[in-house]
Amino acid sequence: MTAPARSKASPLVIRTTNELQAWSDSCRQQGRTIAMVPTMGALHEGHLSLVDAAAKAADVVVVSIFVNPTQFGPGEDFDAYPRTETADLEKLKGHAVEVVFAPNAAQMYPDGFATSISVGGPSMGLETDFRPHFFSGVATVVAKLLLAARPHFAVFGEKDYQQLLVVRRMTRDLNIGTEIIGCPTLREADGLALSSRNAYLDAPARQKAARLPAVLKHVIVSLEAGAPVETALADGRAALERSGFEVDYLSLCDAATLGAPIPGHQRRLLVAARLGSTRLIDNMPVKAGD
Ligand code: AMP
């Protein structure tokens, strides 16, 4: 496929999976490696850090922007989710992005679409206990994106740690042939993880939101000092509730599988908590315990 004329600074916007496949084929024929960064748009510096990691990993970068309806449940924020394509394209200028794939829902889920991917293992528990539909929606859309773009690498944030493990499991299990790269979470100065959903927080809620990473850090200090896990988690949950959060989960898991912690293995502390109608998630590494 010959790329249409475009300004050097602006990515080419592709809206159909056929065109994306043709672009990918032409890159591969030229021997260029591809890295993909799947997003739902409303881009922030966290997304841009993934784009920069992608540019280091491969010759060309494709960013997808698609608010995926199948990963939202009834009553969730699908309609309210920020859609800011023009501003997103502007932010990507200067970040070595060759293509932005921005399909509509009919392109991804044409009439009669009837397939969904169910991942076990790292999908079990945590988010699935509160959003049972979520990971099959994510796995299905990520599989479609990877099979259309056929990237050598795809970059995901540790911000969504369970999602990162689920996507890695799915690509291995289905022999998709893309290596999944995980990148660290970018945070505001007060520690709050950057997230498109932070836009929902009014000023008082935004101030309270910084308690989430602060409490995680506090719990980690206790755990690494040898406090009993149940006590450290109960204290953390109580601290969040005192700050006005409703806690969905605050869990200590094995970092590789998200199963129960294993003595001598790296652990991960994961949280999901709501401030009013805004649901925030975060996680941090915890050193191995005994
Ligand atoms: P989203 O648009 O929220 O679906 O996120 C797209 C990708 O960006 C996912 O792989 C997220 O894990 C990643 N991401 C979101 N927030 C951050 C952040 N603060 N730091 C690093 N990566 C992030």
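The structure displayed is predicted, hence computed values, not measured ones.

A few words now on the domain arrangement of the chain. When cut into domains, the chain gives domain 1 (12-183) and domain 2 (196-284). Using only C-alpha atoms to locate each centre, domain 1 and domain 2 end up separated by 26 Å. Taken residue by residue, the interface counts 20 residues in domain 1 and 17 residues in domain 2. Buried surface at the junction of domain 1 and domain 2, summed over both partners, amounts to about 1600 Å²; 53% is from carbon and sulfur atoms. If you sort the residues of domain 1 by the area they bury against domain 2, Leu126, Phe130 and Tyr161 come out on top, with a joint share of 38%. Note that Arg279 and Glu127 form a salt bridge whose closest N and O atoms lie 2.9 Å from each other. On the surface where domain 1 and domain 2 come into contact, there are 10 residue pairs in polar contact (both at pLDDT 80 or more). Looking at the side of domain 1 that touches domain 2, the elements with two or more residues in it are helix H5 (127-130) and helix H7 (161-173).

Turning next to the site of the ligand. Taken together, 17 residues lie around the ligand, and Met40, Gly157, Asp160, Leu186 and Leu194 are the ones closest in. Between the ligand and the protein, one listed contact pairs an oxygen atom with a backbone N or O atom of Gly157 at 2.9 Å. For the ligand, whose free accessible area comes to 480 Å², the fraction covered by protein is 92%. Secondary structure elements with two or more residues in the shell around the ligand: strand S2 (34-39), helix H2 (45-57) and strand S5 (153-157). Examining the composition of the shell around the ligand, we find that three residues originate from one element, H2, more than from any other. Tallied by class, the residues present in the shell around the ligand amount to eight nonpolar, seven polar and two charged.

Read from one edge of the open sheet, three strands run S7-S8-S9, paired in antiparallel fashion. Looking at strand neighbours, the two that pair on one side only are strand S7 (246-254) and strand S9 (278-286), the edges of this open sheet. Each adjacent strand pair in this sheet contributes to an overall mean axis angle of 10°, direction not counted. With nine bridges joining them, strand S8 (residues 267-275) and S9 adopt antiparallel strand pairing. Looking across to S9, one finds that Val271 is bridged to Asp282. Along the sheet, helix H9 (residues 211-224) contacts S7, S8 and S9; its crossing angle with S9, the most-contacted strand, is approximately 30°. The sheet strands contacting helix H10 (residues 229-242) are S7 and S8, and the helix crosses S7 at an angle near 155°.

On to the packing of H9 against H10. Here H9 crosses H10 at 160°, and the two axes come no closer than 9 Å. Compared by their axis directions, H9 and H10 come out roughly antiparallel. You can see that H9 and H10 cross each other, and the crossing is right-handed. Residue-level inspection shows Arg211, Leu212, Val215, Val219, Ser222 and Leu223 of H9 in contact with H10, the latter providing Val229, Ala232, Leu233, Gly236, Ala239 and Leu240. Along the lines of polarity and charge, the residues of the contact of H9 with H10 split into nine nonpolar, two polar and one charged.

Moving on, we get to the pairing of strand S3 (residues 60-65). The element S3 is largely enclosed, with a buried count of six among its six residues. Side chains Val60, Val62 and Ser64 of S3 all project onto a buried face; the interleaved residues Val61, Val63 and Ile65 project onto the opposite face, where all are buried too. Both S2 and S3 contribute to a ladder of six bridges, which runs parallel. Its bridge partner lying in S3, Thr39 is registered against Ile65. With H2 bridging S2 and the parallel S3, this β-α-β connection has right-handed handedness. In this structure, S3 lies alongside strand S4 (residues 99-101), joined through three bridges in parallel fashion. Residue pairing for S4: Val63 is matched across the bridge by Val100.

Right, let's get into the pairing of strand S6 (residues 179-183). Relative to S6, S5 is paired through five bridges, and the arrangement is parallel. Residue pairing across strands places Gly157 opposite Cys183, the latter belonging to S6. Remark: the S5/H7/S6 crossover connection has right-handed handedness.

Reading the values: rules and limits
- Residues numbered from 1 in each chain as written.
- Predicted model: local features only at pLDDT ≥ 70, side-chain atom pairs only at ≥ 80, totals over all residues.
- Heavy atoms only, no water.
- Domains from an automatic or database assignment.
- Contact = heavy atoms within 4.5 Å.
- Buried area = accessible area lost by both parts, 1.4 Å probe.
- Salt bridge = Lys/Arg side-chain N within 4 Å of Asp/Glu carboxyl O.
- Polar contact = N/O pair within 3.5 Å; in protein donor to acceptor, adjacent residues only side chain to side chain.
- Helix = DSSP H or I, 4+ residues; strand = E, 2+ residues; numbered from the N terminus.
- Near = heavy atom within 4 Å.
- Areas by Shrake-Rupley, 256 points an atom, 1.4 Å probe, with all protein chains shown as cover.
- Nonpolar A, V, L, I, M, F, W, Y, C, P; charged D, E, K, R; others polar.
- Pairing = 2+ DSSP bridges.
- Axes fitted to C-alpha atoms, helices over the stretch in contact; angles between N-to-C directions.
- Parallel < 35°, antiparallel > 145°, perpendicular 65-115°, else oblique.
- Left-handed = near helix turned anticlockwise from the far one by under 90°.
- Buried < 20%, exposed > 50% of the residue type's maximum accessible area, 1.4 Å probe, protein only.
- Right-handed = clockwise from strand over helix to strand, strands pointing away.

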